[in-house]
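Summary of the model geometry
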Amino acid sequence: LKSFTVEYHRYIQGATFYNGKVYSVEGFTDSVENPAVLRVINVNDNKQELYYNFANNGYPIEPEFICFYNDICYYADNVGNLYTLEF
C-alpha cells in the first residue's frame, strides 16, 4: 500500500479511481468558500493534475457523483442531471 498527502479537499461529494488517477468532486452550489470543483490526482507522482472550477465556467451546481463506465466519465449534480466529461 502507498499513501501520500495532497491539498485538503473540503466536502468531497464523490470520487473514483481510474487509470492511475483519483477523480474527486467537491463543493456546494454557489459557494464562494467551497465551490463546485473537480480535482484529478495522479497517484503515480502524487500530484494534482487538474483543478476545474465548474462555477467559474458557468455551472455552479453542487456535484454529487463521478465514475467511469466503458471508458466514459459520468458526472451527476444534485438536481439530477447526468453528464459525460472528456479529458
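Residues numbered from 1 in each chain as written. Predicted model: local features only at pLDDT ≥ 70, side-chain atom pairs only at ≥ 80, totals over all residues. Heavy atoms only, no water.

Within the chain, Asn 70 stands out as a residue other than glycine whose phi angle is a positive 50 degrees. Tracing the backbone shows Asn 70 in the loop between strand 5 (63–69) and strand 6 (72–77). Residue Asn 70 is classed as exposed on the basis of its relative accessible area, which comes to 59%. Residues other than glycine seldom take positive phi values, yet Asp 71 does so here, at roughly 65 degrees. Counting through the fold element by element, Asp 71 comes out in the loop between strand 5 and strand 6. Accessibility expressed as a relative area gives 62% for Asp 71, which makes it exposed. (Helix = DSSP H or I, 4+ residues; strand = E, 2+ residues; numbered from the N terminus. Buried < 20%, exposed > 50% of the residue type's maximum accessible area, 1.4 Å probe, protein only.)

A few words on the pairing of strand 7 (residues 82–85). With four bridges joining them, strand 6 and strand 7 adopt antiparallel strand pairing. Bridge pairing links Tyr 75 to Tyr 83 in strand 7. In this structure, the hairpin formed by strand 6 and strand 7 is closed by a connection of four residues, where Gly 80 is found at a positive phi of approximately 95 degrees. (Pairing = 2+ DSSP bridges.)

Residue position: Tyr 52 is located in strand 4 (residues 47–53). Residues Tyr 52 and Glu 64, twelve residues apart in the sequence, show an inter-C-alpha distance of 15 Å. If we skip the residues at most four places from it in the chain, Tyr 52 touches Ala 36, Val 37, Leu 38 and Asn 57. (Contact = heavy atoms within 4.5 Å.)

This next bit is on the nonpolar core. Membership of the largest hydrophobic core is limited to eleven residues, which are Tyr 18, Tyr 23, Val 25, Ala 36, Leu 38, Val 40, Phe 54, Ile 66, Phe 68, Cys 73 and Tyr 75. For this core, the secondary-structure elements that each account for two or more residues are strand 2 (21–26), strand 3 (37–42), strand 5 and strand 6. Those residues in contact with Tyr 18 that lie beyond four places of it in its chain are Tyr 23, Phe 68 and Asp 71. (Core = buried A, V, L, I, M, F, W, Y, C linked by side-chain atoms within 4.5 Å.)

Remember, this is a structural readout, not a statement about activity or role.
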